[in-house]
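Residues per chain, in single letters:
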Amino acid sequence: MKHVFYCFMIIVLSSCGRYIKNSDNRTEKFFVSWNIATANSIQLQENFTNDDYQKSLYQNRLQAFKAYIDIVNLNELNTKSIRYKLINQYLNDWNNKFYIVEANESGEVSTKISYVILQNSRDSSKVLKYIYKNGKWEKVEQYELSPAFKFHRENFITEYGVGKNENDITVTFIEDNNIISSDFFLNFTMKQIDIFNK
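Every value quoted in this text rests on a predicted model; they were computed, and no experiment measured them.

Draft legend 1. Structural detail: the sheet that holds strand β4 (residues 136-145). The 6 strands are arranged β4-β3-β2-β1-β5-β6 in an open sheet whose pairing can be described as antiparallel. Strand pairing shows two members of the sheet lacking a second neighbour, β4 and β6 (178-185), which therefore form its edges. Going across the sheet, the axis of each strand differs from the next one's by a mean of 20 degrees, ignoring polarity. As judged from the 6 bridges shared by strand β1 (residues 97-102) and strand β5 (residues 169-175), these two strands associate in the antiparallel manner. Opposite Val 101, over in β5, you have Val 171 as the bridge partner. Each of β1, β2 (113-119), β3 (125-133), β4 and β5 touches helix α3 (residues 82-90); the most contacted strand, β4, lies at about 65 degrees to it.

Draft legend 2. View of the packing of aromatic side chains. Scanning all chains against the criterion turns up 14 aromatic pairs. Ring centres 6.4 Å apart and planes at 65 degrees place the aromatic pair Tyr 53 and Tyr 160 in the edge-to-face group. Taken together, the residues Tyr 53 in helix α2 (residues 52-69) and Tyr 160 in the loop between α4 (153-156) and β5 connect sequence positions 107 residues apart. The partly exposed category is assigned to Tyr 160, whose relative accessible area is 29%. On the basis of an interplanar angle of 70 degrees and a centroid distance of 6.4 Å, the ring pair of Tyr 99 and Phe 151 is categorised as edge-to-face. Linking Tyr 99 in strand β1 with Phe 151 in the loop between β4 and α4, this pair joins segments that are 52 residues apart in sequence. Comparing Tyr 99 with Phe 151 shows no difference in burial state: the two are buried. Between Arg 83 and the ring centre of Trp 34, over which it is positioned, the NZ or CZ distance is 3.9 Å.

Draft legend 3. Region of the structure containing the environment of Lys 29. One can find Lys 29 in helix α1 (residues 2-48). The spacing of Lys 29 and Leu 77 is 48 residues in sequence and 9.0 Å in space, taken between C-alpha atoms.

Draft legend 4. Expanded view of the nonpolar core. In this structure, Phe 30, Leu 86, Trp 94, Phe 98, Ile 100, Val 116 and Tyr 130 are the most contacted members of the largest nonpolar core, which totals 31 residues. For Tyr 130, the residues in contact, after removing those within four places along its chain, are Leu 86, Tyr 90, Trp 94, Lys 112, Ile 113, Ser 114, Val 116, Trp 137, Glu 138 and Lys 139. Residues Tyr 115, Ile 131, Phe 185 and Ile 195 belong to the second largest nonpolar core, which totals 20 residues.

Draft legend 5. Highlighting the layout of surface pockets. The calculated volume of the largest pocket comes to roughly 430 Å³. Contributing to the lining of the largest pocket are 20 residues, with Phe 65, Tyr 68, Asn 104, Asp 168 and Phe 184 lying nearest its centre. If you list the elements that add at least two residues to the lining of the largest pocket, you get α1, α2 and β5. Take the lining of the largest pocket: its biggest share by element is 5 residues, from α2. For the lining of the largest pocket, the per-class residue count stands at 7 nonpolar, 7 polar and 6 charged.

Draft legend 6. Molecular detail of the pairing of β5. Across the 7 residues of β5, 6 count as buried, placing the element largely inside the fold. Pairing geometry for β5 and β6, over 7 bridges, is antiparallel. Looking at the pairing, Glu 175 lines up with Asn 178 of β6. Taking the residues between adjacent antiparallel strands as the criterion, β5 and β6 are bridged by 2 residues, where Asp 176 takes a positive phi near 50 degrees.

About the cut-offs
Every chain begins its residue count from 1, and numbering advances along the sequence as written. Only residues with pLDDT of at least 70 get local features here, since the model is predicted, and only at 80 or more are side-chain atom pairs given and counted; chain-wide, interface and lining totals rely on the full set of residues. Heavy atoms from the whole structure form the basis of all side-chain values; hydrogens and water molecules are not counted. Here, any two strands with at least 2 DSSP bridges between them count as paired. To qualify as a helix, a DSSP run of H or I must reach at least 4 residues; to qualify as a strand, a run of E must reach at least 2; elements of each kind are numbered from the N terminus. Every axis in this analysis is a line fitted to C-alpha atoms, fitted for helices over the stretch in contact. Angles between the N-to-C directions lie between 0 and 180 degrees. Any two residues whose heavy atoms approach within 4.5 Å are treated as being in contact. To pair, rings of Phe, Tyr and Trp, with the six-membered ring standing in for Trp, must have centres within 6.5 Å; the planes then decide the type, stacked if under 30 degrees apart, edge-to-face if over 60, and tilted in the middle. Partly exposed residues are those whose accessible area sits between 20% and 50% of the maximum for their type, while under 20% is buried and over 50% is exposed, using a 1.4 Å probe and protein chains only. Only when the NZ of Lys or the CZ of Arg is both within 6 Å of the ring centre and within 35 degrees of the ring normal is a charge said to sit over the ring. In these notes, a set of buried Ala, Val, Leu, Ile, Met, Phe, Trp, Tyr and Cys residues joined through side-chain atoms within 4.5 Å is what counts as a nonpolar core. Every definition here rests on a 1 Å grid over the protein atoms only: cavities are sets of points where a 1.4 Å probe fits but cannot get out, pockets are open sets enclosed by protein on both sides within 12 Å along at least five of seven lines, and lining residues have some atom within 4 Å of a point. Grid points are joined across faces, edges and corners, and a volume is the space filled by probe spheres set on the points. Three categories are distinguished: nonpolar for Ala, Val, Leu, Ile, Met, Phe, Trp, Tyr, Cys and Pro, charged for Asp, Glu, Lys and Arg, and polar for the others, with Gly belonging to the last.

Put into structure tokens, the structure is as follows:
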């Protein structure tokens, strides 16, 4: 009986190990796909503009983005990255369709802020605001948004210098753990976004 019991425990523990590994792989895949999608958005916009000054800004932002997420190669995994920490802490708390809006605030001390927008219904969204401090993300605010948040890049982009965003903003849409899109907005290229009006 003891032999059977030990065999059973080995099977259970092995199954748990596989479950944990799969969970980790989910977060790792999400992290890498998210980084690639955002970098692609920055590079596409650099290629799209004919303005040399704006091209230089996008080139600078790509390097700054890699420094922000603390990687050199986009296929690289860094579990200490600020982005990885966000999804590692909270990914299981969100539903299967949501947005992540990164809207850091610059100043004497830079404030790292992420908004996660969950679709409650056709009529409303739930906004979760997170701030990074002391080496981890903390949820600091939660509120309802009505009507529901809807994002189409062409409805938010505007020419450089006309936009309302004083800092760069990235809007990423996720469905069923897949990165559907990740749109980077250079400062002063984005129209007003509803979630910041609250």
